[in-house]
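Reading the structure
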Amino acid sequence: MTPILQVKDLRVSFRQDGKLTEAVRGVSFSVARGETVALVGESGSGKSVSALSTVQLLGDSATVSGSVTYDGQEMVGADERQLRKVRGNDISFIFQEPMTSLNPLHTIEKQLGEALALHQGVLGGTAKRRIIDLLNKVGIRDAESRLGAYPHQLSGGQRQRVMIAMALANKPDVLVADEPTTALDVTIQAQILDLLAELKQSEGMGLLFITHDLSIVRRIADRVCVMKAGEIVEEGPTAALFANPQHDYTRKLLAAEPSGRPTPVPEGAAELVSARDLKVWFPIQRGLLKRTVGHVKAVNPMSLSVRAGETLGIVGESGSGKTTLALALMRLISSEGELSFQGKDLRQGTTRDLRRLRKDMQIVFQDPFGSLSPRMTCQQIIAEGLSIHEVDQHRDPRELVADVMVEVGLDPAAMDRYPHEFSGGQRQRIAIARAMVLRPKLVVLDEPTSALDMTVQVQIVDLLRDLQARHGLAYLFISHDLNVVRAMSHEILVMKAGEVVERGPSEEVFRAPKAAYTQSLLSAVTGRI
C-alpha cells in the first residue's frame, strides 16, 4: 500500500531553562489509506509528540528535524499557510479528553459549523444539514435536537462522538486518535472503537491510533509501533507482534495486566460498614421559590456490608451511582436509610463524633495530580492529616511520613519535592500514603488506576493488595476497568441507573454473570478477563 503519511528519522527536542531535551529520536513509520497503525508505549515515550509533529503543532520551544510527508508534501519546515490548509482538513485529531477539547461556551452546532466554515466555506442551512448528517454518522441519537446543546449537557461518550464528528467534518485522509477511549466506560469504549473502525473503512482514511492499552491495539490495529524513550523499539503486523514479541520491552508491556486475586477474607472477620435501604435522591428545584418538581434518583434503596480485610468492587457506567454510593456510605453527602460503621450508627452523634471517625475512613481519587496541592511538598501533603486528627503526636511527623513512604514504595529522600516532580504512578503512591498514614479501617478507591500506564497499574494493584493483607483494610473499589476489579475484589456489585442489577462473589460474577447488563459489560471488555 502506498503511504498517505510518511515519517522518516523524526527527531524532536525541547528547550527549557537553557537545557535541550530530546523527546523523539529517529522515529520512522508510515500510514496508508484504510490502514490503522498504532503507536504504543508508556507516558513520556514520545507517542503524542510524534503525532503532533505531523502537522507541526509543538510550539516555539520545539526543534524538529527529519521528514514528515503528507501525500508527497513535506510538513517539516513548511510555511504556516500550507500547514493551515492541512491541519483539521487533511489530517484531523481526536484527543483524549473531549471536555477540555470542546469550547464550553459554544453549542455543538457552532463548534462543528466553525470547522466547516474555516476549511470549506460551508455556511447557513447547508452547514446545518451537514452537521446533522455528521452527528447521525457518529451515532448521536436525535441529532437535530442536540444542535443547541453545550458540552456539559452531553455524556462522556457523546462528547467523544462530537469530537469524532468534528474531526470528520472535512473528510480527512488521516485521522490521528490520541488516547480517545481512556476516560470512557467499557461499553462506550467498545462503541467508539467499532465506530472508528467502521468510519475508517467507509471513508477510506488512514488511522494513527495512540494508546498505552495493548488490549485496544489488538482489537483495532493492522500494524503496531512500540515506543520507548523516544524510539521505536519494535514494529510489525499486530497478530505477529502479539504472538511473538521480539523486544524485552514489548514483552513487558504484554505482560502488564493485573492478575492474581486478593488474599481471602479472614474467617470471622468483623463487619466494618453496613447499610440498609440506603437511598440518595437529589431534588430537582424550579421556579423563584425553588419548588421541588422531581428527583434525580442517583441511588435507589439498597443494602450492603463490607468486612475487615474485604474488597467490594463497584462497577457500572458513568452516572450509574457508584461514586454517589461511596460518598453516602462515608456520610459525605446526605442520604436516607440505616448506616453504621464499626457498629456505630452514623446517623446518631454530633459532628465532633463523626469527625473522630473520619480518620478511619479515607479516599484515594482517580486523578492524583488534581487531588494533590501543587503548593505543598510531598511531606506536607502526607502529614496534613496527622495534625488534623492528632495522630502519634509524640513522634516526629517526618518520621511517620518516611515510614509510610517506604511502605508504599517511595524514597523518603524525595519527601521535600513537589507533586510536579513525580511521575503519575509516584503521585498516586503519594495519594495512597496520605490515606495510609492515618491507619484507616476503610479506604474508598475511586478509579485509582484509570489514569495510569498498564505497567504502573499492575504495581498499584499489587501495592493495594499488599497493604490490605498487612493491615486488614476494607476497600470500596470503584472502577470501569473489569480486569483491575477482578484482580482486587472479593465481592462485586454491579450498578446501573442507581440500581443494583447483580451482586455476588467476584469469580462467580465473572464466570457466570446472570444479569443481561453484566453480560454486556463483560462482552465489551477489549482485554482478557
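Residues numbered from 1 in each chain as written. Predicted model: local features only at pLDDT ≥ 70, side-chain atom pairs only at ≥ 80, totals over all residues. Heavy atoms only, no water.

**Overview of the sheet that holds strand 19 (residues 491–496)**
Strand order in the open sheet formed by 6 strands is 16-17-18-13-19-20, with mixed pairing between adjacent strands. Two strands in the sheet have a free side with no partner beyond their single neighbour: strand 16 (361–364) and strand 20 (499–505). When the angles between neighbouring strand axes are averaged without regard to direction, this sheet yields 15°. Here strand 17 (residues 442–446) runs beside strand 18 (residues 474–478); their pairing, made up of 5 bridges, is parallel. Paired with Asp 446 across the strands is Ile 478, a residue of strand 18. Sheet contacts for helix 11 (residues 322–329): strand 13 (311–315), strand 16, strand 17, strand 18 and strand 19; angle to strand 18, the most-contacted strand, approximately 155°. Lying on the sheet, helix 20 (residues 516–524) is in contact with strand 13, strand 19 and strand 20; it crosses strand 19 at an angle near 100°. (Pairing = 2+ DSSP bridges. Helix = DSSP H or I, 4+ residues; strand = E, 2+ residues; numbered from the N terminus. Axes fitted to C-alpha atoms, helices over the stretch in contact; angles between N-to-C directions. Contact = heavy atoms within 4.5 Å.)

**Description of the packing of helix 16 (residues 424–436) against helix 17 (residues 454–471)**
Axis angle and axis distance: for two packed helices, these are the angle between their axes and the distance between the axes, and together they describe the pair. For the pair helix 16 and helix 17, the least separation of the axes is 10 Å and the interaxial angle reads 15°. As summarised for this structure, helix 16 and helix 17 are arranged roughly parallel, according to the angle between their axes. By crossing handedness, the relation of helix 16 to helix 17 is classed as right-handed. The residues of helix 17 that touch helix 16, namely those facing Gly 425, Gln 428, Arg 429, Ile 432 and Met 436, are Val 456, Gln 459, Ile 460, Leu 463, Leu 464 and Leu 467. Partitioned by chemical class, the residues of the contact of helix 16 with helix 17 number 7 nonpolar, 3 polar and 1 charged. (Parallel < 35°, antiparallel > 145°, perpendicular 65-115°, else oblique. Left-handed = near helix turned anticlockwise from the far one by under 90°. Nonpolar A, V, L, I, M, F, W, Y, C, P; charged D, E, K, R; others polar.)

**A look at the side chain of Ser 489**
Along the polypeptide, Ser 489 turns up in the loop between helix 18 (482–488) and strand 19. The class for Ser 489 is buried, based on a relative accessible area of 4%. Contacts of Ser 489, omitting those with residues within four sequence positions, involve Pro 262, Thr 311, Leu 312, Gly 313 and Ser 506. (Buried < 20%, exposed > 50% of the residue type's maximum accessible area, 1.4 Å probe, protein only.)

**Some thoughts on the nonpolar core**
The biggest cluster of nonpolar side chains holds 54 residues, and the ones touching the most others in it are Ile 382, Ile 430, Ile 432, Met 436, Leu 464, Leu 467 and Tyr 475. If we ignore the near neighbours within four places in the chain, the residues touching Met 436 are Val 404, Val 443, Leu 467, Leu 473 and Tyr 475. If you look at the next biggest cluster of nonpolar residues, it comprises 51 residues, including Val 162, Ala 169, Leu 195 and Leu 199. (Core = buried A, V, L, I, M, F, W, Y, C linked by side-chain atoms within 4.5 Å.)

**Here we look at the packing of helix 4 (residues 108–120) against helix 5 (residues 124–137)**
The N-to-C vectors of helix 4 and helix 5 enclose an angle of 110°; their axes lie 10 Å apart at closest approach. Relative to helix 5, the element helix 4 lies roughly perpendicular. Facing Ile 108, Glu 109, Leu 112, Gly 113 and Leu 116 of helix 4, the residues of helix 5 in contact are Ala 127, Lys 128, Arg 130, Ile 131 and Leu 135. Taken together, the residues that form the contact of helix 4 with helix 5 break down as 6 nonpolar, 1 polar and 3 charged.

**Considerations on the packing of aromatic side chains**
One pass over the structure, following the stated rule, counts 1 aromatic pair. It is Lys 279 that lies over the ring of Trp 281; its NZ or CZ is 4.1 Å from the centre. (Phe/Tyr/Trp six-rings, centres within 6.5 Å; stacked < 30°, edge-to-face > 60°. Lys NZ or Arg CZ within 6 Å of the ring centre and 35° of its normal.)

**Concerning the pairing of strand 13**
Regular strands place their side chains on alternate faces of the sheet. With 5 of 5 residues buried, strand 13 lies mostly within the body of the structure. A two-sided burial pattern is seen for strand 13, the buried positions comprising Thr 311, Gly 313 and Val 315 on one face and Leu 312 and Ile 314 on the other. Pairing of strand 13 with strand 18, which is carried by 4 bridges, proceeds in the parallel orientation. Bridged to Gly 313 within strand 18 is Phe 477.

**Focus on the sheet that holds strand 3 (residues 36–40)**
One open sheet accounts for 6 strands, arranged 6-7-8-3-9-10; its pairing is mixed. Looking along the sheet, the strands with just one partner apiece sit at the ends: strand 6 (91–94) and strand 10 (231–237). Each adjacent strand pair in this sheet contributes to an overall mean axis angle of 15°, direction not counted. Where strand 3 lies against strand 8 (residues 206–211), 5 bridges are found, and the strand directions are parallel. For Ala 38, the partnering residue across the bridge sits in strand 8 and is Phe 209.

**Observations regarding empty space enclosed by the protein**
Overall, the coordinates contain 3 cavities of 30 Å³ or more when judged by the stated rule. Looking at the second largest cavity, its volume works out to about 50 Å³. If you list the elements that add at least two residues to the lining of the second largest cavity, you get strand 19, helix 19 (506–511) and helix 20. Here the lining of the second largest cavity takes 3 residues from helix 20, the largest share from any one element. (1 Å grid on protein atoms, 1.4 Å probe; cavity = no way out; pocket = protein on both sides within 12 Å on 5 of 7 lines; lining within 4 Å. Points joined across faces, edges and corners; volume = space filled by probe spheres on them.)

**Quick word on the environment of Gln 111**
For Gln 111, the location among the structural elements is in helix 4. Judged by relative accessible area, which is 7%, Gln 111 ranks as buried. In the structure, Gln 111 is positioned 55 residues away from Met 166 in sequence and 7.9 Å away in space, judged by C-alpha atoms. Excluding residues that lie within four positions of it along the chain, Gln 111 makes contacts with Leu 102, Asn 103, His 106, Pro 151 and Met 166.

**Notes on the domain arrangement of the protein**
Each assigned domain of the protein is listed with its residue range as follows: domain 1 (1–90 + 173–256), domain 2 (97–171) and domain 3 (271–368 + 441–526). Placing the centre of domain 1 and that of domain 2 at their C-alpha centroids yields a distance of 25 Å. If you look at the interface, domain 1 gives 18 residues, while domain 2 gives 13 residues. Interface of domain 1 and domain 2: buried area, both sides summed, is about 1300 Å²; carbon and sulfur atoms make up 61% of it. When the buried area of domain 1 at its contact with domain 2 is split by residue, Asn 89, Leu 195 and Leu 199 rank highest and sum to 32% of it. Counting the contacts that link domain 1 with domain 2 gives 1 salt bridge. Linking domain 1 to domain 2 there are 4 residue pairs in polar contact (both at pLDDT 80 or more). Those elements that provide at least two residues to the side of domain 1 that touches domain 2 are helix 2 (80–86) and helix 7 (186–203). (Domains from an automatic or database assignment. Buried area = accessible area lost by both parts, 1.4 Å probe. Salt bridge = Lys/Arg side-chain N within 4 Å of Asp/Glu carboxyl O. Polar contact = N/O pair within 3.5 Å; in protein donor to acceptor, adjacent residues only side chain to side chain.)

**Examining unusual backbone geometry**
Even without a glycine there, the phi angle at Asp 71 is positive, about 50°. Tracing the backbone shows Asp 71 in the loop between strand 4 (62–70) and strand 5 (73–74). Look at Glu 447: it is not a glycine, yet its phi comes out positive at around 50°. Note on placement: Glu 447 falls in the loop between strand 17 and helix 17.

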